[in-house]
Amino acid sequence: MSTPKSRVMHRSLRATPPKAVGGEGVWLIAENGHRVLDASGGAAVSCLGHQHPRVLAAMEKQAAKLAYAHTGFFTSEPAEELAERLVGHEPGGLAYVYYVSGGSEAVEASIKIARQYFIERGEPQRAHFIARRQSYHGNTLGALAAGGNAWRREPYAPLLSGAFSHVTPAFAYHEKRDDESEAGFVGRLAAELEAEFQRLGPDKVAAFIAEPVVGATAGCVTAPEGYFRAVRDICNRHGALLILDEVMCGMGRTGTLHAWEQEGIAPDIQAIAKGLGGGYQPIGAMLTTRRVVDTIRDGSGAFQHGHTYLGHPMACAASLEVQKIIAEEHLLDRVKELGVRLERRLTERFGNHRHVGDIRGRGLFQAVELVADRATRKPFDPALKLHARIKTEAFARGLACYPMGGTVDGRIGDHVVLAPPYICSDGDIDMIVDRLGQAVDVALKSVGH
Ligand SMILES: Cc1ncc(COP(=O)(O)O)c(C=O)c1O
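Here the residue numbering is sequential within each chain, running from 1 through the sequence in written order. Thresholds applied to this predicted model are a pLDDT of at least 70 for local features of residues and 80 or more for the giving and counting of side-chain atom pairs; totals over whole chains, interfaces and linings are not thresholded and use all residues. The basis for the side-chain values is all heavy atoms of the structure; hydrogens and waters are excluded.

J.: So, the pattern of salt bridges: which residues are in play, and what are the values?
T.: Salt bridges are defined as contacts in which a side-chain nitrogen from Lys or Arg sits within 4 Å of a carboxyl oxygen from Asp or Glu. Per the stated rule, a full pass over the model turns up 28 salt bridges. In this structure, R341 engages D426 in a salt bridge whose closest nitrogen and oxygen atoms are separated by 3.6 Å. Placement of R341 in helix α12 (residues 331-350) and of D426 in helix α14 (residues 426-446) is noted, with a sequence separation of 85 residues between them. Summary of the burial criterion: residues with accessible area below 20% of their type's maximum are buried, those above 50% are exposed, and those between are partly exposed, where the area comes from a 1.4 Å probe applied to protein chains only. For R341, a relative accessible area of 17% translates into the label buried. Between R360 and D358 there is a salt bridge whose closest N-O contact spans 2.8 Å. Like R360, the residue D358 is buried in the burial classification. Through salt bridges with shared partners, one network takes in R334, E337, R341, R345, E348, D426 and D430. Helix and strand definitions follow DSSP, with helices as H or I runs of at least four residues and strands as E runs of at least two, each counted in order from the N terminus.

Below, the structure written as structure tokens:
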């Protein structure tokens, strides 16, 4: 095998991906001129598409004024203004922002502030976190320990903290029994969570952490009605915090700025990233309540955490402009409308497809799950790497989508996530589904189906 020329350690060490040299709205342009419709915003990042002139101008303006000032000495105008915009109106009681550089860091900060909050409240025994199987919370060791995806955890298992345990995900397609009602399924999951609190000792649990809509690892899985209200009640009853990881599903992706708005509950701590800056700058954030911040302020006085690039002025300026555009152009309404169209088109194309078992998601965050047999929901042999074949076939047809394997349990199952930009046209949605349809059929044919 020839060694690729690039010195960059790419995701595959055996192949160098094509060079992207330009972007234009929903399109990405490769060096050879190949134009690719960005139907997943990378990994649900590019909510405003590429090269948005207003965001570029805001970044230029900030760069000309002040590129960087360490938060150990200064705050900055964009950091303050962005915080006002995000939590000035205290949505769901979230009143403060802690800026970081990405999703994993946002999750790390969420876990650490939950722990510190309980130490400062005089409950230092609360050192356990309950999460869900098949969740993804990031790749740093703390976030990976929280995550419940078997394949991602496996090589690092000896390094992962035992402070995290995992319960069954609210993944109806695979976890709900055929003879069970939706309410019955929610009741069973709630009972399992309650039992996990009891097993650990309810006063030993700091927080429950979950993605309101599970993204990369299971493919846009929404929870059944009432699930998050049940979870919120259990946390409240035992004095534990609820951490919601909206790194992928948040910031408008599902049609409301926060995915939890559609669940009738709010978290104590929330992680956001991706759509926060739309990919224009690396930025993430942890949002939390007055109760959490005031407890620490009245105790030690400082969150015992930090990174060099916290609150980076360039990142905050880009993100501020992204959020202004989403609000001023009423893009959340557009996400809802486009989401309805996307679902309709996916249903038309794949509703009767013999190898598409489920079409699911919310807003511009939808996925199809591939199965060998619809009746039994039996997945394909993972050795076929069907998801990777779909990715390749889609890319060859000018479509970037986000297929992933391990849908069922981290090892078996295939799904494709779509997370197109909020600025898509109706025609873009149709083209996405059309190209995906072709890619899925060609990939299936290549494995003899
Ligand atoms: C739900 C969720 N949490 C955390 C992360 C980690 O974010 P990052 O890759 O920016 O570190 C991701 C990334 O895909 C995610 O989907």
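There's plenty left to go through after this.
J.: Give a description of the nonpolar core that names residues and reports values.
T.: We define a nonpolar core as any set of buried Ala, Val, Leu, Ile, Met, Phe, Trp, Tyr and Cys residues linked to one another through side-chain atoms lying within 4.5 Å. Formed by 43 residues in total, the largest nonpolar core has its most connected members in L370 and L436. Listed by contribution, the elements that provide at least two residues to this core are α2 (53-65), α11 (313-328), α12, β14 (365-370), α13 (386-396), β17 (414-418) and α14. With eight residues, the single largest contributor to this core is α14. Here a residue-residue contact requires only that any non-hydrogen atoms of the pair lie within 4.5 Å. The residues touching L370, leaving out its near neighbours within four places in the chain, are H355, V356, F380, L386, I390, D414, H415, V416 and V440. By size, the runner-up hydrophobic cluster in this structure holds 42 residues, among which are A83, Y99, V205 and A240.

J.: Mind laying out the side chain of Q323, listing which residues take part and the relevant values?
T.: Summarising the element assignment, Q323 is placed in helix α11. Contacts described as polar in this section are N or O atom pairs within 3.5 Å, which, within protein, must combine one atom able to donate a hydrogen with one able to accept it, while residues neighboring in sequence count only if both atoms come from side chains. Within the structure, Q323 has its side chain in polar contact with the backbone oxygen of L276 (distance 3.0 Å). Setting aside residues up to four positions removed in sequence, Q323 forms contacts with L82, R85, M251, L257, G275 and L276.

J.: I'd love a proper account of the packing of aromatic side chains, names of residues and values included.
T.: Each Phe, Tyr or Trp ring (for Trp, its six-membered ring) is paired with any other whose centre lies within 6.5 Å, and the angle between the two planes then decides the class: stacked below 30 degrees, edge-to-face above 60, tilted in between. Enumeration according to the criterion identifies five aromatic pairs in this entry. Look at Y98 and F303: their rings are 4.9 Å apart centre to centre, the planes differ by 70 degrees, and that puts the pair in the edge-to-face class. With a gap of 205 residues between them, Y98 in strand β4 (residues 94-100) and F303 in the loop between α10 (290-298) and α11 connect regions that are remote in the sequence. Residue Y98 shares its accessibility class with F303, and that shared class is buried. On the numbers, 4.9 Å between centres and 85 degrees between planes, the contact of Y227 with F228 is edge-to-face.

Any functional reading would require information beyond the geometric quantities listed.
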